[in-house]
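# Coordinates in review
Residue-level listing of the chains:
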Amino acid sequence: MAAAAPSNVHLIDHPLILHKLTVMRRRETTTREFRQLLRELSMLMAYEVTRDMAITLETIETPIAAMQAPVIDGKKLVFISVLRAGTGMLDGMLETVPAARVGHIGLYRDPETLQPVEYYFKIPKEMADRDVVVVDPMLATGNSAAAAVQRIKEAGPRSIKFVCLLAAPEGIATFGAAHPDVPIYTPAIDERLNDHGYIVPGLGDAGDRMYGTR
Ligand code: URA
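These lines cover the structure that appears in this document, whether it is placed above or below.

Conventions and cut-offs
- Residues numbered from 1 in each chain as written.
- Predicted model: local features only at pLDDT ≥ 70, side-chain atom pairs only at ≥ 80, totals over all residues.
- Heavy atoms only, no water.
- Helix = DSSP H or I, 4+ residues; strand = E, 2+ residues; numbered from the N terminus.
- Buried < 20%, exposed > 50% of the residue type's maximum accessible area, 1.4 Å probe, protein only.
- Contact = heavy atoms within 4.5 Å.
- Arc of directions from axis to C-beta.

## With respect to the environment of His19
Within the secondary structure, His19 sits in helix α1 (residues 15-25). When the C-alpha atoms of His19 and Leu41 are compared, they prove to be 9.5 Å apart, with 22 residues separating the residues in sequence.

## Section: the side chain of His179
With respect to the helices, strands and loops of the structure, His179 is situated in the loop between α5 (169-178) and β11 (184-186). The exposure class assigned to His179 is buried, which follows from its relative accessible area of 1%. Beyond its immediate chain neighbours, meaning those up to four positions away, His179 contacts Ala146, Val149, Gln150 and Lys153.

## Side note on helix α4 (residues 143-153)
Given 3.6 residues to a turn, an α-helix orients residues that are three or four positions apart in the same direction. For α4, the full list of buried residues reads Ala145, Ala146, Ala148, Val149 and Ile152. Buried residues of α4, viewed axially, fall in a sector of 160 degrees; they line one side.

## Re unusual backbone geometry
Glycine aside, the phi torsion of most residues is negative, and most peptide linkages are trans. Looking along the chain, the bond that leaves Leu83 and enters Arg84 is cis, with omega of 0 degrees. For Arg84, the position within the fold is in the loop between β4 (77-83) and α3 (87-96). Of the consecutive residues Val200 and Pro201, the connecting peptide bond is found in the cis state with omega at 0 degrees. Here Pro201 shows up in the loop between β13 (199-200) and α6 (206-211). The phi dihedral of Glu126 falls on the positive side, at around 50 degrees, and the residue is not glycine. Take Glu126: its relative accessible area is 67%, and that puts it in the exposed class.

So, in structure tokens, the structure goes:
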């Protein structure tokens, strides 16, 4: 039996999501199929991540009568992609919430210090009443995810969630220690990291698989 997920993790284990993830993991899945599946999977995950979004009532006219009907304010939602692989998840998320705002953050690992260094940061202004969903497919060591969220916190958003396709136990621990207030949404927690920092069994390099760069 699988171990229970840590308390900071929301396992999104819908059968459709799990099935698509399995196809993405397969070595023989093509770049085109991988990208398409990532888009579909991100759309499905967006449902779960936005489940607790606030709704307000608006007066509308149906062909029959006036009514008070629920609407969301999509503009309050900001998807922030951790470059480069996060961008592959954005399309599906935006398909589900087209009015959402978008930000990008780019980090690389300094070869000397092994610490994440920021090279790009662009997010919407006036973040105080916005809810942020950070997207990055692979939560591996957790170092860059934790650094990205730290940077985003400086902008003072109302809330932050982190969404990935796969998480390693090491990444969950590191991220959770740095940001116990930020929930992680993922369909799967894999076994471990290998010596190169790849998730095992994982799916390989997510960026290379979605862009065909290897
Ligand atoms: N980044 C990836 O793309 N894959 C991994 O397995 C770990 C980090």
